[in-house]
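This is what each chain is made of:
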Amino acid sequence: MYKSIGITGGIASGKSTVSHYLKDKGYVVLDADIYARNVLNKGTEGLKKTVEHFGNGILNDDGTLNREKLGHIVFNDKDELAVLNSITHPIIRKEMNADKNKNLQTGHVFSDIPLLYENKLEDQFDLVIVVYVDEDTQLKRLMARNDFTEEEARRRIASQLSLEEKKKRADIVFNNNDTKEALYNQIDDFIKQLND
């Protein structure tokens, strides 16, 4: 029987690197971030409800979402973040579950979900993989990747459950403190076991 496998971690921990590698190996990987972006595209129910709460100030002149403005609001106010999540998460879940169930007919399906534990979704998967890095590495990578100050980076990291906690709950841990090659080797070992 094919398995439904969740992939999670923290911001800048390397989830996308794992997902891209699995895609390159021919696996179906459903990326929650892509669904989350699409849910707030112009003309969607998600964007309509978001504007009803946050106001027209979060829109660009052409009616599309100004993601930077919305991000500034929600990452500085956890109550507002909770409101945004209450609008978008049910829509994202519904769409991802439909695609997952369709693809499980023909092979293993990986779902890349940054807030998998925060949203208590672990029961929806046969296995959960956590992509782990230590906090210092995570902070440095996030600052470099997003050009954040240390304070901005720490705030983004603090908005998620700690990687130490996620690591404790994981079925499988990929340690990404080392090189990409070391990470790929761990993925290859996992795939081999999965298909044995």
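Just above, that's the structure.
Residues numbered from 1 in each chain as written. Predicted model: local features only at pLDDT ≥ 70, side-chain atom pairs only at ≥ 80, totals over all residues. Heavy atoms only, no water.

Let's talk about the layout of surface pockets
Moving on, step 1. Roughly 160 Å³ of internal volume is contained in the second largest pocket.
Moving on, step 2. Lining the second largest pocket we find 13 residues, and of these Glu135, Gln138, Ile157, Ser162 and Leu163 sit closest to its centre.
Moving on, step 3. Looking at the lining of the second largest pocket, the elements that each hand over two or more residues are α6 (135-146), α7 (150-158) and α8 (163-169).
Moving on, step 4. In terms of residue class, the lining of the second largest pocket is built from 6 nonpolar, 4 polar and 3 charged. (1 Å grid on protein atoms, 1.4 Å probe; cavity = no way out; pocket = protein on both sides within 12 Å on 5 of 7 lines; lining within 4 Å. Points joined across faces, edges and corners; volume = space filled by probe spheres on them. Helix = DSSP H or I, 4+ residues; strand = E, 2+ residues; numbered from the N terminus. Nonpolar A, V, L, I, M, F, W, Y, C, P; charged D, E, K, R; others polar.)

Details of the environment of aspartate 61
Moving on, step 1. Following the sequence through the fold, aspartate 61 ends up in the loop between α3 (45-54) and α4 (67-74).
Moving on, step 2. When the C-alpha positions of aspartate 61 and aspartate 126 are compared, they lie 44 Å apart, and in sequence the two are 65 residues distant.

Details of α6
Moving on, step 1. Helix length check: α6, at 12 residues, gives a terminal C-alpha distance of 16 Å against a target of 16 Å (1.5 Å per residue), a fit within 8%.
Moving on, step 2. Residues of α6 that are buried include every one of Thr137, Gln138, Leu139 and Leu142, and no others.
Moving on, step 3. As for α6, its buried residues are in contact with α7 and α8.
Moving on, step 4. Two to three positions downstream of the cap, the backbone nitrogen of aspartate 136 sits 3.2 Å from a side-chain oxygen, assigning the N-cap of α6 to aspartate 134.
Moving on, step 5. Note on α6: the residue one or two positions beyond its end, aspartate 147, has a positive phi of about 55 degrees. (Expected span 1.5 Å × (residues − 1). Buried < 20%, exposed > 50% of the residue type's maximum accessible area, 1.4 Å probe, protein only. Contact = heavy atoms within 4.5 Å. Polar contact = N/O pair within 3.5 Å; in protein donor to acceptor, adjacent residues only side chain to side chain.)

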